[in-house]
Structures are given as structure tokens and as C-alpha cells.
Amino acid sequence: MKTVKDYIRTIPDFPHNGIMFRDVTTLFADPRGFRMAVDQMLHPYAGVHIDKVVGLEARGFILGGAVAHQLSVGFVPVRKKGKLPGKTIEQSYTLEYGEAVVELHDDALQAGERVLVVDDLLATGGTAEAGIKLIERLGAEVVSCAFVVDLPELGGRQKLETMGVNVTTLVEFDGA
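Residues numbered from 1 in each chain as written. Predicted model: local features only at pLDDT ≥ 70, side-chain atom pairs only at ≥ 80, totals over all residues. Heavy atoms only, no water.

Student: What is the right way to look at the overall build of the protein chain in this model?
Tutor: Along the backbone of the protein chain there are five helices and nine strands. From first element to last, N terminus to C terminus, the protein chain shows the α and β order β-β-α-α-β-α-β-β-β-β-α-β-α-β. Against the globule reference of 16 Å for 176 residues, the protein chain gives a C-alpha radius of gyration of 16 Å, in line with a compact fold. The C-alpha extent of the protein chain, read off along each of the three principal axes, is 40 × 40 × 30 Å. Within the span of the protein chain, comprising 176 residues, buried residues form 44% of the whole. Put simply, 58% of the contacts in the protein chain that link residues at least 6 apart link residues at least 24 apart. (Helix = DSSP H or I, 4+ residues; strand = E, 2+ residues; numbered from the N terminus. Rg over C-alpha atoms; globule rule 2.2 N^0.38 Å. Buried < 20%, exposed > 50% of the residue type's maximum accessible area, 1.4 Å probe, protein only. Contact = heavy atoms within 4.5 Å.)

Structure below.
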């Protein structure tokens, strides 16, 4: 029987030499694999009060939308700077080769709302950390972060857990 990990393709040397890119588009393309991933992402939150799902750009939109639908809650995107219309708040974060900025509509979440953050992959945790900071600035509470893939050697889980955030993942891969 196939597992979620079996549906994820590895592409060597992308986007740079020495990187083993974990491609979840093959997981999304397979109806059984995609349903399995969404169901497994939902499982830890059965019976947990969640008001909104926040998806991190871009593959977090695909997973987050599906998770929000299954939970019957709203979906909120955290986007790259300049992609959201209307008034936003922004948060910068460090990338491997520089800095980036993500944004959230300033009225997307209400104080006290309980939020599940969703994305496809946890590497260094920079994007998730920035998303969490935006959510907290609006007064909402991050219940947990859910990812399909964890790259434990890059330290993202530890970074988020140090912030006091619960983290769930479906699979791990060694190396970057």
C-alpha cells in the first residue's frame, strides 16, 4: 500500500546543485495521494476548535483550501508582497540568498480566532515564522502548523517549536 511519501517526486540539483527538491505536485496530481495527504493533515485536529486555515504561498493555498473545506472554516492566504489588494500588514524574513516579504490583509483575522497554518514543506521555517508573526499581530492564536514534508536537518520544526507553536508533519526527508 502506498504512503504519502511514495507520491512525492525528488528532483536532484534543483534549483541549485546539491539540492534535492521534494516535488509535491506529483502528490497533488494523484487523487488517492492528494486525498490521503489532506485526510492525514486533518487527523490531528479532529475535535479541535479552529476558526480559520491560513495557507502560505503558494502550495499552502492548495492544501490549505482543501483542509479549510474539510473543516468547514474560512481560508486566508499569506502572500508575497504586492499580491494582495487592499490594506495589508507585512513581515520580512530571511531566505537562503537574501530577504523576502509576505503580507496578510489587515482584516483577514479577528482577535481571538484560532488558526491552523498549512504549507507543503517545512525547511528553515522562515516563511512559517513570518506568517505566524502576521497572524499574532492581528491578535489571532496559532493552534498549530501542518506540513506534508519536513526537512529536519534544516531546523524549521525546532524554530517554530521554540516560538511555542505545535508542528505536525506527514513525512520526513533527509538532506536539503
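Right, picking up where we left off after that structure.
Student: What should I look at first to understand the pattern of salt bridges in this one?
Tutor: Note on pairing: side chains with opposite charge can pair once their charged atoms come close. Taken as a whole and assessed by the stated rule, the structure comprises 12 salt bridges. Its salt-bridge partner being Asp-39, residue Arg-35 comes within 3.8 Å of it at the nearest N-O pair. Remark: Asp-39 and Arg-35 occur in helix α2 (residues 31-42); sequence separation between them is four residues, near one turn of the helix. Taking relative accessible area as the criterion, Asp-39 reaches 35% and is therefore assigned partly exposed. Where Glu-90 meets Lys-81, a salt bridge forms, and the shortest distance between an N and an O atom there is 3.0 Å. When salt bridges that share partners are traced, they join Glu-129, Lys-133 and Lys-159 into one network. (Salt bridge = Lys/Arg side-chain N within 4 Å of Asp/Glu carboxyl O.)

Student: What is the right way to look at the packing of aromatic side chains in this model?
Tutor: Centre-to-centre distance and the angle between the planes together describe a pair of aromatic rings. The tally for this structure, following the rule as stated, stands at three aromatic pairs. An angle of 90 degrees between the planes, with centres 5.2 Å apart, marks the rings of Phe-14 and Phe-21 as edge-to-face. Between Phe-28 and Phe-34, the aromatic rings sit 5.5 Å apart at their centres with planes inclined by 70 degrees, giving edge-to-face as the arrangement. For Lys-2, the ring lying beneath its charged end belongs to Tyr-7, and the centroid distance is 4.3 Å. A cation over an aromatic ring shows up here: Lys-5 above the ring of Phe-173, its NZ or CZ 4.7 Å from the ring centre. (Phe/Tyr/Trp six-rings, centres within 6.5 Å; stacked < 30°, edge-to-face > 60°. Lys NZ or Arg CZ within 6 Å of the ring centre and 35° of its normal.)

Student: Even after reading the chapter, I still don't get the pairing of strand β6 (residues 98-105), so can you show me in this structure?
Tutor: Across a regular strand the side chains alternate sides, sitting on one face of the sheet and then on the other. Bridge count for strand β4 (residues 74-80) against β6 is two bridges, and the pairing is antiparallel. Bridge assignment links Lys-80 to a residue of β6, and that residue is Val-102. In the sheet, strand β5 (residues 88-95) pairs with β6 via eight bridges, with the strands oriented antiparallel. When the bridges of β6 are listed, Glu-90 appears paired with Glu-103. (Pairing = 2+ DSSP bridges.)

Student: Please explain helix α4 (residues 126-137) as it appears in this structure.
Tutor: One full turn of an α-helix is made of 3.6 residues, so residues set three or four places apart face in the same direction. Here α4 is 12 residues long and its end C-alpha atoms lie 17 Å apart, about the 16 Å a rise of 1.5 Å per residue gives. Turning to α4, its buried residues are Gly-126, Ala-128, Ala-130, Gly-131, Ile-132, Leu-134 and Ile-135. The first or second residue beyond α4 is Gly-139, which carries a positive phi of 85 degrees. (Expected span 1.5 Å × (residues − 1).)

Student: Sorry if this is basic, but what is going on with the side chain of Glu-103 here?
Tutor: Here Glu-103 lies in strand β6. Despite being buried, Glu-103 has no salt bridge partner; Lys-81 is the closest side chain of opposite charge, sitting 5.1 Å away. Within the structure, the side chain of Glu-103 is placed 3.0 Å from the backbone nitrogen of Gly-82, a separation counted as a polar contact. A distance of 3.2 Å separates polar atoms of two side chains, one belonging to Glu-103 and the other to Thr-88. When sequence neighbours within four positions are dropped, the list of residues in contact with Glu-103 reads Pro-77, Val-78, Arg-79, Lys-80, Lys-81, Gly-82, Lys-83, Leu-84, Thr-88, Ile-89, Glu-90 and Leu-134. (Lys, Arg positive; Asp, Glu negative; His and termini not counted. Polar contact = N/O pair within 3.5 Å; in protein donor to acceptor, adjacent residues only side chain to side chain.)

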